[in-house]
Amino acid sequence: MEASVILPILKKKLAFLSGGKDRRSGLILTIPLCLEQTSMDELSVTLDYLLSIPSEKCKARGFTVIVDGRKSQWNVVKTVVLMLQNVVPAEVSLVCVVKPDEFWDKKVTHFCFWKEKDRLGFEVILVSANKLTRYIEPCQLTEDFGGTLTYDHMDWLNKRLVFEKFTKESTSLLDELALINNGSDKGTQQEKERSIDMNFLPSVDPETVLQTGHELLSELQQRRFNGSDGGVSWSPMDDELLAQPQVMKLLDSLREQYTRYQEVCRQRSKRTQLEEIQQKVMQVVNWLEGPGSEQLRTQWGIGDSIRASQALQQKHEEIESQHSEWFAVYVELNQQIAALLNAGDEEDLVELKALQQQLSDVCYRQASQLEFRQNLLQAALEFHSVAQDLSQQLDGLLGMLCVDVAPADGASIQQTLKLLEEKLKSVDLGLQGLREKGQSLLDQISNQASWAYGKDVTIENKENVDHIQGVMEDMQLRKQRCEDMVDVRRLKMLQMVQLFKCEEDAAQAVEWLSELLDALLKTHIRLGDDAQETKVLLEKHRKFVDVAQSTYDYGRQLLQATVVLCQSLRCTSRSSGDTLPRLNRVWKQFTITSEERVHRLETAVAFHSSAEKILQECPEQPEAFNEMERFDEIEAVGKSLLDRLTVPVVYPDGSEQYFGSPSDMASAAEHIREKMKLVSLKKQQLRQPEATTPES
């Protein structure tokens, strides 16, 4: 009978073995009756189960039964005691009926158990709970009867369930493992495999059963050794003492059979794994040397454009993806073979190494071919990319050369020329890069025959080579045409730069001449205080005029150069037609102003020279008196000079300009008037030669 079958009944705690013992070392069986009506059938089942637990040796010492009737009626107690006669008559040595205080006295007189001892087969005594220690030691009684023995019914029941489950599972597992192990030791190899196949997996997990057994044994042993920790004398329950060797024996048997079972499984797994490896290796080799190789044989082109190369790359990626699945199988197989080789089984080493070598050779060869094809397509894509970029650069350069140049100034021409040179340099670099990519691609194509599987790829390679060389030659011709056009455009643009430079310099010459004219009118004002200073001013003026003349000649030369450049460029100068009249007009104004300045300075030199000569002559000189008319001439020259200072310079267009400001002219005229006064005073002195001073 198993506890799990009658678990609801056992949970009611109708009876229990607390582990306590009487003075004869017999087990104490306790039947706690309660107020509710106790089912005799359930009590009988409980007693049958409990009495099946102890060993025969333990049963031989007899049982002491404690019937706790303190919460029950007398007739129930009597029924239970009589039932013990039928359930365990030979095993009960003493029945202690715990009575309530002074309650059964009258009823007991009607039925004396001690008179029925011979008929019952055991002695029955009525005792109060506080006097139960006369028959049983307190340490063997539970707390319900004033003892110190600890008993947890649910804990005992749970342990019992675990023990019975372990016993059942381990016994069944031992039978299964013995059948599997014994079957593998008998008969031929075929019989072994058939036996193993039929009983290969036990009904329960051996690891789980072993773990359960170890935990159960550990708990039983811990309970035993922890009994004396509290200082109270305690002995484990007999069923626990009995369970320990049973669990240990079952664990030992399980470990032995499980070890043999693991070895059987290992051998079977090794054989199965070896067969699976052989099968998978042949699958990988057959596919790589069959469909995989055929896929690569049909792929030889490199495409004639970026789009075509990308399409071929996409196709190659699909092929690689299919190969990757088989390469993953190869990696897994290689690891499995390496693990088996490390196991060191002599009988399989040669076969495993041969499989590993065959698999590695095929996979490495196929991987190398895939990598070569991928590199070739990548090189082709890079070549076509560079060719397309170069073609776009040439188109842009050609478009720039086909547009007529109409810049606004020399700076824009310089910028355009710089951009043109940069584009040409970029084209040179692009063509150089194309040649390098093309040569690299040609070198790879020349090596294609080494993995062509015996296929003649001469025709296919010739088409690829012709295409690459044709692209490079076409780009070279286009680049040469652009270079020729760039040379022509460069010359034209340099001439235009020179034209703009000449026009700018000519305009600058006009500005310089205008500034000289403005300086002549505003700063060249003084006429000198004497003849020597005036002569110096006249000499400076002539040098000033020489500078203006050089500026005018420089402007004329520049304008002549613009005419020549315009004729060469077949264009009309936008500024020379305006600059030449301006240059001539300013030069004419400067010439008129310069002549007026020269005339005034020459007049001033004559005036100062004559005046200084007369003023320096002594009165005693006779010629001074004979030439009175010279005074009149000097006065006439001075008046003429004063009158000229007030007259503006009149240009051909009718415009007028004065030298300096009115105050400047007034200052210059004042110096002349002062000198004219001195001359006039000198003249008066000469007309009165005989006049004397008051002292004389």
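Residues numbered from 1 in each chain as written. Predicted model: local features only at pLDDT ≥ 70, side-chain atom pairs only at ≥ 80, totals over all residues. Heavy atoms only, no water.

Going by an unreviewed UniProt entry, the chain carries the name SEC14 and spectrin domain containing 1 and comes from Aquila chrysaetos chrysaetos.

Enquirer: Requested: an account of the overall build of the chain, with residues and values cited.
Expert: A count of helical and extended segments in the chain gives 19 helices and 7 strands. Looking at the chain residue by residue over its 696 residues, the buried ones come to 42%. Here the contacts in the chain between residues at least 6 apart in sequence split such that 82% fall between residues at least 24 apart. Summed over its atoms, the accessible surface of the chain is roughly 38000 Å², and 51% of this surface lies on carbon and sulfur atoms. (Helix = DSSP H or I, 4+ residues; strand = E, 2+ residues; numbered from the N terminus. Buried < 20%, exposed > 50% of the residue type's maximum accessible area, 1.4 Å probe, protein only. Contact = heavy atoms within 4.5 Å. Areas by Shrake-Rupley, 256 points an atom, 1.4 Å probe, with all protein chains shown as cover.)

Enquirer: Talk me through unusual backbone geometry; I want residue IDs and the actual numbers.
Expert: Of note in this structure, Lys13 is not a glycine but carries a positive phi near 55°. Tracing the chain through its elements places Lys13 in the loop between α1 (7-11) and β1 (16-21). When its relative accessible area of 27% is taken as the criterion, Lys13 is described as partly exposed. Despite not being glycine, Ser25 shows a phi value in the positive range, around 70°. Along the polypeptide, Ser25 turns up in the loop between β1 and β2 (27-32). Residue Ser25 is classed as partly exposed on the basis of its relative accessible area, which comes to 35%.

Enquirer: Could you give an account of the sheet that holds strand β3 (residues 63-68), naming the residues involved and the relevant values?
Expert: Judged by pairing direction, the sheet is mixed, and its 5 strands sit side by side in the order β1-β2-β3-β4-β5 without closing on themselves. Each edge of the sheet is formed by a strand with only one pairing partner; in this case those strands are β1 and β5 (123-127). Adjacent strand axes in the sheet meet at a mean angle of 25°, parallel and antiparallel pairs treated alike. Sheet analysis places β3 next to strand β4 (residues 92-98), joined by 6 bridges and oriented parallel. (Pairing = 2+ DSSP bridges. Axes fitted to C-alpha atoms, helices over the stretch in contact; angles between N-to-C directions.)

Enquirer: Which residues make up the pattern of salt bridges, and what values do they have?
Expert: Per the counting criterion, the structure on display carries 23 salt bridges. The residue Asp428 makes a salt bridge to Lys479 at a minimum N-O spacing of 2.7 Å. A residue pair is termed long-range when its members are at least 10 positions apart, and Asp428 in helix α13 (residues 410-446) and Lys479 in helix α14 (residues 458-522) qualify at 51 residues. Judged by its relative accessible area of 11%, Lys479 is buried. Of the charged contacts in the structure, one is a salt bridge between Lys462 and Asp466, with a shortest N-O distance of 3.0 Å. Taken as a pair, Lys462 and Asp466 lie in helix α14 at a separation of 4 residues, close to a single helical turn. With relative accessibility at 53%, the residue Lys462 sits in the exposed group. Several salt bridges share partner residues, and in doing so they unite Asp428, Lys479 and Glu483 into one network. (Salt bridge = Lys/Arg side-chain N within 4 Å of Asp/Glu carboxyl O.)

Enquirer: Can you explain the packing of helix α18 (residues 629-645) against helix α19 (residues 662-687)? Please cite residues and give values.
Expert: One way to put it is that α18 packs onto α19 with a least axis distance of 10 Å and a crossing angle of 165°. Judged on the interaxial angle alone, α19 and α18 are roughly antiparallel. Remark: the crossing between α18 and α19 carries left-handed chirality. Residues Phe631, Asp632, Ile634, Glu635, Gly638, Lys639, Leu641, Leu642 and Leu645 of α18 pack against Met665, Ala668, Ala669, Ile672, Arg673, Met676, Val679, Ser680, Lys682, Lys683 and Leu686 of α19. Among the residues making up the contact of α18 with α19, the classes are represented as 12 nonpolar, 2 polar and 6 charged. (Parallel < 35°, antiparallel > 145°, perpendicular 65-115°, else oblique. Left-handed = near helix turned anticlockwise from the far one by under 90°. Nonpolar A, V, L, I, M, F, W, Y, C, P; charged D, E, K, R; others polar.)

Enquirer: Break down the environment of Val162 for me, citing the residues and quoting the values.
Expert: Here Val162 shows up in helix α7 (residues 153-185). Once the C-alpha coordinates of Val162 and Leu216 are considered, the two residues, 54 residues apart in sequence, prove to be 7.4 Å apart. Discounting chain neighbours no more than four positions away, the residues touching Val162 are Thr212 and Leu216.

Enquirer: Break down the pairing of β3 for me, citing the residues and quoting the values.
Expert: Of all the 6 residues making up β3, 6 are buried; the element is thus mostly covered by neighbouring parts of the structure. Neither face of β3 is left uncovered, since the one carrying Phe63, Val65 and Val67 and the one carrying Thr64, Ile66 and Asp68 both have all their residues buried. As paired strands, β2 and β3 are joined by 6 bridges and run parallel to one another. Paired with Leu27 across the strands is Phe63, a residue of β3.

Enquirer: Any details on the packing of aromatic side chains? Residues and values, ideally.
Expert: As enumerated under the stated definition, the model contains 6 aromatic pairs in all. Residues Trp287 and Trp326 carry aromatic rings whose centres are separated by 5.5 Å and whose planes lie at 15° to one another, so their mutual orientation is stacked. One end of the pair, Trp287, is in helix α10 (residues 238-297); the other, Trp326, is in helix α11 (residues 306-343), and 39 residues separate them in sequence. Overall, Trp287 belongs to the buried group, its relative accessible area being 14%. Assessed through its relative accessible area of 22%, Trp326 is described here as partly exposed. Among the aromatic residues, those joined into a ring-pair cluster are Phe544, Tyr552, Trp587 and Phe590. Across the ring face of Phe16, the terminal group of Lys13 is positioned such that the distance to the ring centre comes to 4.9 Å. (Phe/Tyr/Trp six-rings, centres within 6.5 Å; stacked < 30°, edge-to-face > 60°. Lys NZ or Arg CZ within 6 Å of the ring centre and 35° of its normal.)

Enquirer: Give a detailed account of the packing of helix α2 (residues 40-51) against helix α4 (residues 74-87), specifying residues and quantitative values.
Expert: It is at 11 Å that the axes of α2 and α4 come closest, and there the two elements cross at 45°. Comparing their axes, α4 and α2 come out oblique. At the point where α2 passes α4, the crossing takes the right-handed sense. For the pair formed by α2 and α4, the contact residues are Met40, Leu43, Ser44, Leu47, Asp48 and Leu51 on the first element and Val76, Thr79, Val80, Met83, Leu84 and Val87 on the second. For the contact of α2 with α4, the class distribution of residues is 9 nonpolar, 2 polar and 1 charged.

Enquirer: Could you give an account of the side chain of Thr551, naming the residues involved and the relevant values?
Expert: Within the secondary structure layout, Thr551 lies in helix α15 (residues 531-569). Apart from residues no more than four positions distant in its own chain, Thr551 is found in contact with Ala509, Trp512, Leu513 and Leu516.

Enquirer: Give me the confidence of the model for the chain: which residues, what numbers.
Expert: Per-residue confidence for the chain averages 79 on the pLDDT scale, and 84% of its residues sit at or above 70. Looking at the elements of the chain, mean pLDDT is at its lowest for helix α8 (residues 189-198), recorded as 48, and at its highest for β2, recorded as 90. Overall, residues 225-236 carries pLDDT values under 50, and its contacts beyond four positions in sequence, including any with other chains, amount to 11 contacts. Below pLDDT 50 for its whole length, residues 692-696 participates in 0 contacts with residues either more than four positions away or in separate chains. (pLDDT = per-residue confidence, 0-100.)

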